[in-house]
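Per-entry structural report
So you can see what is in the structure, the chains are spelled out below.
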Amino acid sequence: MKQHAVFLGLLLIVCANGFAQVSPERLVNSSAEPQNWLTYSGRYSSWRYSSLDQIKTTNVSQLSLQWAFQSAELGQFETTPLAVDGVLYATGPNDRAFAIDARTGRAIWRYQRVLPPKVIACCGMVNRGFAILGNRLFMATLDAHVIALDTKTGNVVWDVIAADYRQGYSFTVAPLVVKNAVIVGVAGGEYGIRGFVDAYDANTGARLWRFDTVPGPGQPGHDTWSGDSWKTGGAPAWITGSYDPQLNLIYWPTGNPSPSNYGGDRLGDNLYSNSMLALDADTGKLKWHFQFTPHDLFDYDSTQIPVLVDADWQGKPRKLLVHANRNGFLYVLDRTNGKFLSANGFGTVTWAKGISEDGRPQLNPDAIPGAKGVRVCPSAIGLTNWFSPSYSPDTGLLYVTTTNQCDLFTGAPQQYRAGHDFIGSIYVPDPVERPTGAIKAVDPLNGKQAWEFPYFSNPNGGVLSTAGGLVFGGDSDGNLIAIDAKAGRDLWHIQLGAGIYTTAITYQFEGRQYVVIPAGTTLFAFSLPEKSTSN
């Protein structure tokens, strides 16, 4: 199932560093070791923020390339690498994976999964990264397996089947490790799968629990699906969730119902599509849910990263969940119980006239797709999408990448065929207006915009903020940009020669802070000149 090459000399060097094991405690306290990047979003609260400040507003203009690692694989390079005690662990398109020397960019080992023919994966043969625990890395694969690799060698430790890829099930998500469980959510909402979130034992690969994101007969919420539509109801869960250790709750967002753009054969709200799920980390039982777009007709997956913030709300401290949703609204929920607190538009929205006091959208009847087509904002790719937002405790701002695209939607019945597209319509960009994008800085509690940095094209990458007063973003034209976190000014940028489809991370090794970003087939690492870091 695999091929790998071990570069013995490098391995010995890294072994000398001990390949320090990553414990559950280290994951809980990951913010205390900013020299590493231990989870997909950097910490369980999913801030994608680093307290490293060697690279800052006053010297970021001196950044230069330190190394470049070739993945040797074409396709959208969407990984978020993990940085652990001097080693980077990353995945690539077509389920490749790598361990890389954090100082030089040299490969320590490579892994290539041999995928079966005719794997069905919407939107690219991508993978968004590893999770780590102990001396094992966890990866969810395009053929719907979950696997564990040895951190030292890349050898497969265990390999379990989660679902049948021939039915359109796949994984693109970076897993989330909580205690001894490896949490994953399935993809395939464009193929009429029945979605789920799974937990697997990190030692054995045994499945610990499954939460069905489309409830079957006898399960709460089943009555929100008409007829047998639940059997092909979609509601995938293909982006990594967040975790509150104090509440022991996992927050996992879900995607569109199937077919995504025709609702005539799936009457009802279609739970738990386009929702935020709060699941007990030990049992997978649903504690609460909040549905952002009931009975979706526009492919408004809610598969955006939930950001956990503790802040005063109306004068009282409260545990909040902030969610910049693809449907164009920035939501604030009480994450202890799912209570809706607010929703503010952060761009042009025409599908809804507003949000009611209970959090339910007020649908615009003129925006319902039909045979003739109707212009709706935001587009099916959303005002934002899966790429990561970032929250900085220094500025109190949420940074999110956005697009201004509107689509012409149509809607028509479609017969389901296993393993084939099941969308129920076509949608195309409105040709009148050229789509562009931006990074926006907003107050997460009231949605008020602090600044906006324009992109020339639609974005496909997210943002990283740091204690150096910086926001790093990557655009679809191949520019990695460092922006003043307070003022929104461009302080440094570089052209990498290929579109950026993910978000930067940062780590520190041997006294130097690095910023790493994938673009094209390459992983690039930037740092300051050594003489600058020694001051």
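Right above here is the structure, for reference.
Report on the accompanying structure.

Cut-off values and rules
Residues numbered from 1 in each chain as written. Predicted model: local features only at pLDDT ≥ 70, side-chain atom pairs only at ≥ 80, totals over all residues. Heavy atoms only, no water. Helix = DSSP H or I, 4+ residues; strand = E, 2+ residues; numbered from the N terminus. Rg over C-alpha atoms; globule rule 2.2 N^0.38 Å. Buried < 20%, exposed > 50% of the residue type's maximum accessible area, 1.4 Å probe, protein only. Areas by Shrake-Rupley, 256 points an atom, 1.4 Å probe, with all protein chains shown as cover. Lys, Arg positive; Asp, Glu negative; His and termini not counted. Charge placed at Lys NZ, Arg CZ, Asp CG, Glu CD. Phe/Tyr/Trp six-rings, centres within 6.5 Å; stacked < 30°, edge-to-face > 60°. Polar contact = N/O pair within 3.5 Å; in protein donor to acceptor, adjacent residues only side chain to side chain. Contact = heavy atoms within 4.5 Å. Core = buried A, V, L, I, M, F, W, Y, C linked by side-chain atoms within 4.5 Å. Pairing = 2+ DSSP bridges. Axes fitted to C-alpha atoms, helices over the stretch in contact; angles between N-to-C directions. Disulfide = S-S within 2.5 Å. 1 Å grid on protein atoms, 1.4 Å probe; cavity = no way out; pocket = protein on both sides within 12 Å on 5 of 7 lines; lining within 4 Å. Points joined across faces, edges and corners; volume = space filled by probe spheres on them. Nonpolar A, V, L, I, M, F, W, Y, C, P; charged D, E, K, R; others polar.

Some details on the overall build of the chain
Looking only at helices and strands, the chain has 3 helices and 38 strands in total. For the chain, whose C-alpha radius of gyration is 22 Å, the value lies close to the compact-globule estimate of 24 Å for 535 residues. Dimensions of the chain, computed from the C-alpha atoms along their principal axes, are close to 60 × 50 × 45 Å. For the chain, the proportion of its 535 residues judged to be buried stands at 63%. Of the roughly 18,900 Å² of accessible surface on the chain, 51% is carried by carbon and sulfur atoms. The average position of the 41 basic charges and that of the 45 acidic charges among the side chains of the chain differ by 2 Å.

Some remarks on the packing of aromatic side chains
This model, assessed by the stated rule, comprises 27 aromatic pairs. Residues Y44 and Y243 carry aromatic rings whose centres are separated by 4.9 Å and whose planes lie at 85° to one another, so their mutual orientation is edge-to-face. Note that Y44 is positioned in the loop between helix 2 (24-28) and strand 1 (49-50) and Y243 in strand 15 (residues 242-244), a separation of 199 residues in sequence. With a relative accessible area of 5%, Y44 lands in the buried category. Residues Y331 and F340 carry aromatic rings whose centres are separated by 6.5 Å and whose planes lie at 70° to one another, so their mutual orientation is edge-to-face. Taking relative accessible area as the criterion, Y331 reaches 0% and is therefore assigned buried.

A look at the side chain of N59
With respect to the secondary-structure elements, N59 resides in the loop between strand 1 and strand 2 (64-70). Overall, the relative accessible area of 11% leaves N59 in the buried class. Within the structure, the side chain of N59 is placed 2.8 Å from the backbone nitrogen of K56, a separation counted as a polar contact. For N59, the contacting residues outside a window of four places in its chain are Q54 and L528.

A look at the nonpolar core
Core analysis: the biggest nonpolar cluster contains 58 residues, and Y89, W109, F130, F171 and I183 have the highest contact counts within it. Judged by nonpolar contacts, the second largest core, of 36 residues, contains I55, A107, L470 and L480.

What about the sheet that holds strand 27 (residues 397-403)?
The strand order 26-27-30-31 describes an open sheet built from 4 strands, whose pairing is antiparallel. A single partner strand is all that each edge strand has here, and the edge strands are strand 26 (390-392) and strand 31 (449-455). Shown here is a sheet whose adjacent strand axes are inclined to one another by a mean of 20°, direction ignored. By the bridge criterion, 6 bridges tie strand 30 (residues 437-442) to strand 31 in an arrangement that is antiparallel. When the bridges of strand 31 are listed, V442 appears paired with Q449.

Looking at the state of the cysteines
Under the defined criterion, the tally for this structure stands at 2 disulfides. Two residues share a disulfide in this structure: C122 and C123, whose sulfurs sit 2.0 Å from each other. By relative accessible area, C123 is classed as exposed at 55%. Across a sulfur-sulfur distance of 2.0 Å, C377 and C406 are joined as a disulfide pair. Across the S-S bond linking C377 and C406, the dihedral sits near 105°, which makes this disulfide right-handed. Separated by 29 residues along the polypeptide, C377 in the loop between strand 25 (374-376) and strand 26 and C406 in the loop between strand 27 and strand 28 (407-409) bring together distant segments of the chain.

Remarks on the sheet that holds strand 34 (residues 479-484)
Strand order in the open sheet formed by 5 strands is 1-32-33-34-35, with mixed pairing between adjacent strands. Looking along the sheet, the strands with just one partner apiece sit at the ends: strand 1 and strand 35 (490-495).

Quick notes on the environment of N270
Relative to the helices and strands, N270 resides in the loop between strand 16 (249-253) and strand 17 (275-280). As a C-alpha pair, N270 and W313 span 43 residues in sequence and 31 Å in three-dimensional space. Each residue touching N270, except ones within four places of it in the same chain, is listed here: T224, W225, P257, Q291 and H295.

Examining the layout of surface pockets
Of the voids in this model, the largest pocket is the one considered here, and its volume is about 600 Å³. Residue lining of the largest pocket: 33 residues in total, with C123, W238, R326, N385 and W386 positioned closest to the centre. Counted by class, the lining of the largest pocket contains 14 nonpolar, 13 polar and 6 charged residues. Each pocket or cavity is described by its volume, and for the second largest pocket that value is around 300 Å³. For the lining of the second largest pocket, the elements supplying multiple residues, two or more each, are helix 2, strand 15 and strand 19 (307-313). If one sorts the elements of the lining of the second largest pocket by residue count, strand 19 sits on top with 3 residues.

Some words on the environment of A83
For A83, the position within the fold is in strand 3 (residues 82-84). In this structure A83 comes out as buried when scored by relative accessible area, which is 3%. Measuring from C-alpha to C-alpha, the distance between A83 and W37 comes to 4.7 Å, with 46 residues separating the pair along the chain.

Function-wise, these values are silent; they only describe arrangement.
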